[in-house]
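Structure at a glance
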Amino acid sequence: MSSQHTSIYDENRDNVGEEPIVVQLPALGVDLIHNLPLRRPTMESSLDSIDVPQPVANTRILKDKVFRFLTEPNSSHVAFAYQILQVSTIVLSTITFILTSEPDQWDNPASSLQALEIYAITIFTIDYLLRFLTAPHRTSWFFDLMNLIDLLAILPFYFELILSSVGNIGGLAVVRVVRLFRVIRIIKAGKHTEEVPILIETLKRSKRGFSLLLFGLSLVLILFSSAMFYAEQTNQQFDEEQQTWYRDDGSESPYQSILGTIWWCMVTVATVGYGDAFPVSDLGKVVASTTMFFGILSLAFPMMIFSQNFQQVQGEFEQRRKLKKQMRKQN
């Protein structure tokens, strides 16, 4: 196959022509052929490229380098070390978040924990601002899911600083909700691993499986909760004065209504079995055994769909990683 090509220009089409361009990829054993339009350089295009201010071009190049450094660990050894710093800070921040929930640290955390929190927030804030300022398309970058998670992981710290002017903020309900958002920081680690993108893509492809899971689980919960409620009535009596169901031994029944029985059914289907609610009648035990069997089936079929999609996505990511590795070797 010839590697030289002669450009074709059609004078009747504003000097625009089409020529097949062949790109050989020996590593893959395939040839990619594209018909790409070729345009003869004009005086206007040459002037446009010359008239670009040099300081603006240099600034754009610098921003691209900084953004690549912050987002691509494989771009350099220093970038890889920076990503390790980010992951270490996330782990340290998560440990700090857990320790501050201890009773003796709730209102007045230790100075060491406060220092670690300030350090982590400083790293996260600088990283977020630098990536935002150097992003090629700031609007699309800002509304990206992982970047929104980064923002939500930072904001609680500053909200607490603002609310601290109230005084003792430990008992405020709004502060408890704000502090809960700090746990989102652990999700930030997903950007630095391949597992989270694989999981997200698998969930996207498993929409039908989750629909099947929701329908099957709802059907099982309603049917068997109703069956258990009426089955246990064979061994219990209703007290009209107390408006409560009591078993024959005088104890209060855990199956007061179909809605209340759904909790037992959910625990049974999930094979957890807390033991806080259990049948005592013979008919109730038969219903419970049947619930276990159909509960396992309702969970098994959607999980098979999820497993197949996971294997497919993992294979695609593995092929993509090998292709990138081959391209880096060729370059």
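Residues numbered from 1 in each chain as written. Predicted model: local features only at pLDDT ≥ 70, side-chain atom pairs only at ≥ 80, totals over all residues. Heavy atoms only, no water.

1. Let's talk about helix α12 (residues 282-330)
This is how it is decided: Starting at the N terminus, helices and strands are each numbered in turn, a helix being any DSSP run of H or I of at least four residues and a strand any DSSP run of E of at least two. Given the number of residues in a helix, its expected span is that number minus one, multiplied by 1.5 Å. Note on contacts: a residue pair is in contact if any heavy atoms of the two residues lie within 4.5 Å.
In this model, α12 (49 residues) spans 72 Å end to end at C-alpha, consistent with the 72 Å of a helix rising 1.5 Å per residue. Looking at the buried side of α12, the elements it contacts are α9 (195-205), α10 (207-232) and α11 (258-269).

2. Things to note about the packing of α10 against α12
Condition: Interaxial angle, 0 to 180 degrees, is taken between N-to-C directions of lines fitted to C-alpha atoms, where a helix line uses only the stretch in contact. Between 65 and 115 degrees an angle is taken as roughly perpendicular, under 35 as roughly parallel, over 145 as roughly antiparallel, and anywhere else as oblique.
Running from N to C, α10 and α12 cross one another at 180°; their axes reach a closest spacing of 9 Å. If you check the angle between α10 and α12, you find them roughly antiparallel.

3. A word on the pattern of salt bridges
Spelled out, the test is: In what follows, salt bridge is the name for a side-chain nitrogen of Lys or Arg lying within 4 Å of a carboxyl oxygen of Asp or Glu. Three exposure classes are used, based on accessible area relative to the maximum for each residue type with a 1.4 Å probe and protein chains only: buried under 20%, partly exposed in between, and exposed over 50%.
Under the defined criterion, the tally for this structure stands at 7 salt bridges. Across the pair D64 and R60 runs a salt bridge, and its minimum N-O distance is 3.0 Å. With D64 and R60 both in helix α2 (residues 54-71) and 4 residues apart, the pair spans about one turn of that helix. Among the residues examined, D64 registers a relative accessible area of 36% and is labelled partly exposed. The exposure class of R60 is partly exposed, given its relative accessible area of 32%. Because the salt bridges share partners, they merge into one network encompassing D127, R131 and D150.

4. Side note on a nonpolar patch on the surface
Stated formally: The patches reported here contain residues having more than 30% relative accessible area and no salt bridge. Joining distances are 9 Å for like charges and 5 Å for nonpolar side chains (Val, Leu, Ile, Met, Phe, Trp, Tyr). Surface accessibility follows the Shrake-Rupley procedure with a 1.4 Å probe radius. Residue values consider only the protein chains on display as shielding.
A cluster of nonpolar residues, L212, F293, F294, L297, F301 and M304, forms a patch on the protein surface that exposes about 580 Å² of accessible area. In terms of residue count, α12 provides more of the nonpolar patch than any other element does, 5 residues in total. Locating F294 in the fold gives a position in helix α12.

5. Quick word on the environment of L62
Of note, L62 is situated in helix α2. Sequence spacing of L62 and T134 is 72 residues, and the spatial spacing of their C-alpha atoms is 8.6 Å.

6. Quick look at the confidence of the model for the protein chain
Cut-off, in case you're wondering: Per-residue confidence from the prediction method is given by pLDDT, with values spanning 0 to 100.
Confidence along the protein chain averages 77 in pLDDT terms, with 77% of residues attaining 70 or more. Low pLDDT (under 50) marks residues 1-50, which in the prediction has 58 contacts with non-local residues, meaning those over four places away or in another chain.

7. Structural notes on the environment of P73
Secondary-structure assignment places P73 in the loop between α2 and α3 (77-99). A relative accessible area of 26% means that P73 is categorised as partly exposed. Between the C-alpha atom of P73 and that of Q83, which follows or precedes it by 10 residues, the distance is 6.2 Å. Setting aside residues no more than four positions away along its own chain, P73 makes contact with A79, F80 and Q83.

8. Details of the packing of aromatic side chains
The condition that has to hold: A pair of aromatic rings is counted whenever rings of Phe, Tyr or Trp (Trp by its six-membered ring) have centres within 6.5 Å, and the orientation is called stacked for planes under 30 degrees apart, edge-to-face for over 60 and tilted otherwise. We call a charge positioned over a ring when the NZ of a Lys or the CZ of an Arg lies within 6 Å of the ring centre and within 35 degrees of the ring normal.
Inspection of every chain in the model, using the stated rule, returns 13 aromatic pairs. The interplanar angle of 35° and the centroid separation of 5.3 Å between the aromatic rings of F69 and Y82 together place this pair among those described as tilted. In this pair, F69 sits in helix α2 while Y82 sits in helix α3, placing the two residues 13 residues apart along the sequence. Looking at F69, the relative accessible area reads 26%, which means it is partly exposed. Positioned above the aromatic ring of F132 is the side chain of R138, whose terminal nitrogen or guanidinium carbon lies 5.7 Å from the ring centre. Above the face of the F278 ring, R247 is positioned so that its terminal group lies 5.6 Å from the ring centre.

9. As for the pairing of strand β4 (residues 244-247)
Residues in a regular strand point their side chains to alternate faces of the sheet. Applicable threshold: Pairing between two strands is assigned when DSSP locates at least 2 bridges connecting them.
Across 4 bridges, strand β3 (residues 236-239) lies against β4 in antiparallel orientation. Its bridge partner lying in β4, F238 is registered against W245. Connecting β3 to the next strand, β4, in antiparallel fashion are 4 residues, including Q243 with a positive phi near 55°.

10. Remarks on unusual backbone geometry
A positive phi angle, near 55°, is found at Q243, a position not held by glycine. Mapped onto the elements of the fold, Q243 is located in the loop between β3 and β4. For T271, which is not glycine, the phi dihedral falls at a positive 60°. Examined against the element boundaries, T271 turns out to sit in the loop between α11 and α12. When its relative accessible area of 59% is taken as the criterion, T271 is described as exposed.

11. As for helix α6 (residues 145-163)
Each turn of an α-helix holds 3.6 residues, which means side chains three or four residues apart point in the same direction. Quick note on the threshold: Note that the bend at a residue is defined as the angle between axes fitted to the seven residues ending at it and the seven residues starting at it. Two N or O atoms form a polar contact when they lie within 3.5 Å of each other; inside protein one atom must be a possible hydrogen donor and the other a possible acceptor, and for residues adjacent in sequence the pair counts only when both atoms belong to side chains.
Under the 1.5 Å per step criterion, the end-to-end length of α6 is 27 Å for 19 residues, consistent within 8% with the ideal 27 Å. The largest bend in α6 amounts to roughly 25° and is located at L155, with the proline P156 lying one to four residues further along. Of the positions making up α6, those classed as buried are M146, N147, I149, D150, L151, A153, I154, P156, F157 and E160. Residue D144 occupies the N-cap position of α6, its side-chain oxygen lying 3.2 Å from the main-chain nitrogen of M146.

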